[in-house]
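The lines below spell out each chain.
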Amino acid sequence: MEDVSQRFSSRTGWDLGESAFAKAIRRARAEGRDLIDLTVSNPTACGFEYDAEAILAPLSDPHALLYDPDPRGMRSAREAVADYYASHDAQVDPDALILTTSTSEGYGYLFRLLCDAGDEILVAQPSYPLFEFLAEIEDVRLQPYPLFYDFGWWIDFAELKRRISKKTRAIVVVHPNNPTGHGTGLAERMQLEKLCQTYGLALIVDEVFLDYPYRDVSLRSFAQGSHPVLTFVLSGMSKIAGLPQMKVGWIATFAGERDRSEALARLEVIADTFLSMNAPAQLALPGWLAGRAKIQRQILERVSANLNEIRSCGIESGPESGIEPLEADGGWSSVLRLPRIGLGTGDLLEKHGVIVHPGSFYGMAESERIVVSLIVEPKIFAVGMRRIREASRVFDPREAMDTTKTL
Ligand SMILES: Cc1ncc(COP(=O)(O)O)c(C=O)c1O
């Protein structure tokens, strides 16, 4: 008989098996080992103090009983987002905003707006790994362009330009980047805009970490100033208010009048097809934005304390095992350079009970780079960093060559 088993799209033909690293973590947890997890980046699981009443009460606004959908999102919510940008010295027209259920959904809308199947989007490398999935499920191909490190992270413009093809539709910039913390300065912004103008590309700027600059750094929103090319700025509640579970994000659109209204009209049809925003969250958004300082203050303090902890580990331990945090401008994570090549995240887990992300998880080729979350509770973070320092001291690279544990 003919095989009639169900067939699925090739775009969903992922390797769904557990990675070796995930398996090792699961096994260590099952064995009840004392593990320190330096990858936790969910703000609701990091011991911050949330104002429960202020966050939850607006969700029971009786206006939510009326279903009156607006594909761009409720006007009152969009005005609150425009006020958020005013606090960043940027003028945003509430009518140029489309609310989405997350920044991730915002990417999905933009890929649909800009790309046909097989078209390409340029994305920085290292960068946030979710992009690959977001692009794949829209049949879009990601083309990485390198960030290089030289006393700070920089866009490699020569490479970026080389990777523009007839199929390229947009350049994505994460400002500041996750995990490198690279903020895009004015000179880089101008170069990006020039490239977009020359090749007819849109600029997509993900600013979810904009409100988390490191001390003495100032990060300017791409919503500021004039916009010579079609520019989309994405952000949302996940990081601005530490509320990823509330599922609110947005796309702010900037361009000359013709492109802007064309883009918005098309985006509106995409949004209208799903009408994915729920009423309670939209009604609550102005209050959540107004209350953001409380959580942002706690996160900024924590990031700063954990960065100090990393620096003290590097200095105290001396040049033979100094752990170096790579220079960055902001965000919730830090890329660390470990002193000895060959000390893998598998060794850190198996021998020292500390979980970190390998740089390769974010597309970094250098095996001695690891990534830690800076919003982990400071006491836990300090124990984790001490374990990493200890591992760097005692690690014998010859031993690693005899094992298969470099995951
Ligand atoms: C750079 C970046 N963009 C977007 C997101 C996802 O945000 P959202 O929860 O709004 O989809 C994340 C999540 O960590 C992120 O790091």
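Along each chain, numbering runs from 1 in the same order as the chain's sequence is written. With pLDDT at 70 or above as the cut-off, local features in this predicted model cover only qualifying residues; side-chain atom pairs require 80 or more to be listed or tallied, and sums for whole chains, interfaces and linings still use all residues. Heavy atoms throughout the structure, all of them, feed into the side-chain values; hydrogens and water do not.

1. So, the overall build of the protein chain
Quick note on the threshold: In DSSP terms, a helix is any run of H or I states spanning at least four residues, a strand is any run of E spanning at least two, and both are numbered starting from the N terminus. The globule rule used here is 2.2 Å times the number of residues to the 0.38 power, and the radius of gyration it is set against is calculated over C-alpha atoms. Relative accessibility decides the category of a residue: with a 1.4 Å probe and only protein chains considered, values under 20% of the type maximum give buried, values over 50% give exposed, and everything between is partly exposed. Each accessible area is a Shrake-Rupley result for a 1.4 Å probe, and residues are judged covered by the shown protein chains and nothing else. Asp and Glu are treated as the negative residues and Lys and Arg as the positive ones, with His and the ends of the chain left uncounted. By convention, the charge on Lys lies at NZ, on Arg at CZ, on Asp at CG and on Glu at CD.
Helix and strand content of the protein chain: 14 helices and 14 strands. For 407 residues, the compact-globule formula gives about 22 Å, and the C-alpha radius of gyration of the protein chain, at 22 Å, lands near that figure. Along the longest, intermediate and shortest principal axes, the C-alpha atoms of the protein chain span 65 × 60 × 55 Å. Buried positions account for 52% of the 407 residues belonging to the protein chain. Carbon and sulfur atoms provide 52% of the accessible area of the protein chain, an area that totals close to 19500 Å². Computing the positive centroid from 43 side-chain charges and the negative centroid from 56, the protein chain places the two 3 Å apart.

2. Here's the deal with the site of the ligand
The test is simple: Throughout, the term near means that a residue has one or more heavy atoms lying within 4 Å of the molecule or strand in question. What qualifies as a polar contact is a pair of N or O atoms within 3.5 Å, subject to a donor-acceptor requirement within protein and to the restriction that residues adjacent in sequence count only when both atoms come from side chains. The nonpolar class holds Ala, Val, Leu, Ile, Met, Phe, Trp, Tyr, Cys and Pro. Asp, Glu, Lys and Arg form the charged class, and all remaining residues, Gly among them, are polar.
Taken together, Ser102, Thr103, Ser104, Tyr128, Val174, Asn178, Asp206, Val208, Phe209, Ser238 and Lys239 form the complete shell of residues around the ligand. Separating an oxygen atom of the ligand from a side-chain N or O atom of Asn178 is a distance of 2.8 Å. Here the ligand has 400 Å² of accessible area as a free molecule, and 90% of this is covered by the chains. Broken down by secondary-structure element, the contributors of at least two residues to the shell around the ligand are helix H4 (103–114) and helix H8 (237–240). Grouping the amino acids of the shell around the ligand by side-chain chemistry returns 4 nonpolar, 5 polar and 2 charged.

3. A word on the confidence of the model for the protein chain
Detail in the predicted coordinates should be disregarded across regions flagged by low pLDDT. Under the convention used in this document: Every residue gets a pLDDT, meaning the predictor's confidence in that residue, from 0 to 100. Residues count as neighbours in contact if any of their non-hydrogen atoms are within 4.5 Å of one another.
Mean pLDDT over the protein chain works out to 93, with 94% of the residues at or above the 70 mark. Scored below 50 in pLDDT, residues 403–407 shows 11 contacts in the model against residues more than four places distant or in partner chains.

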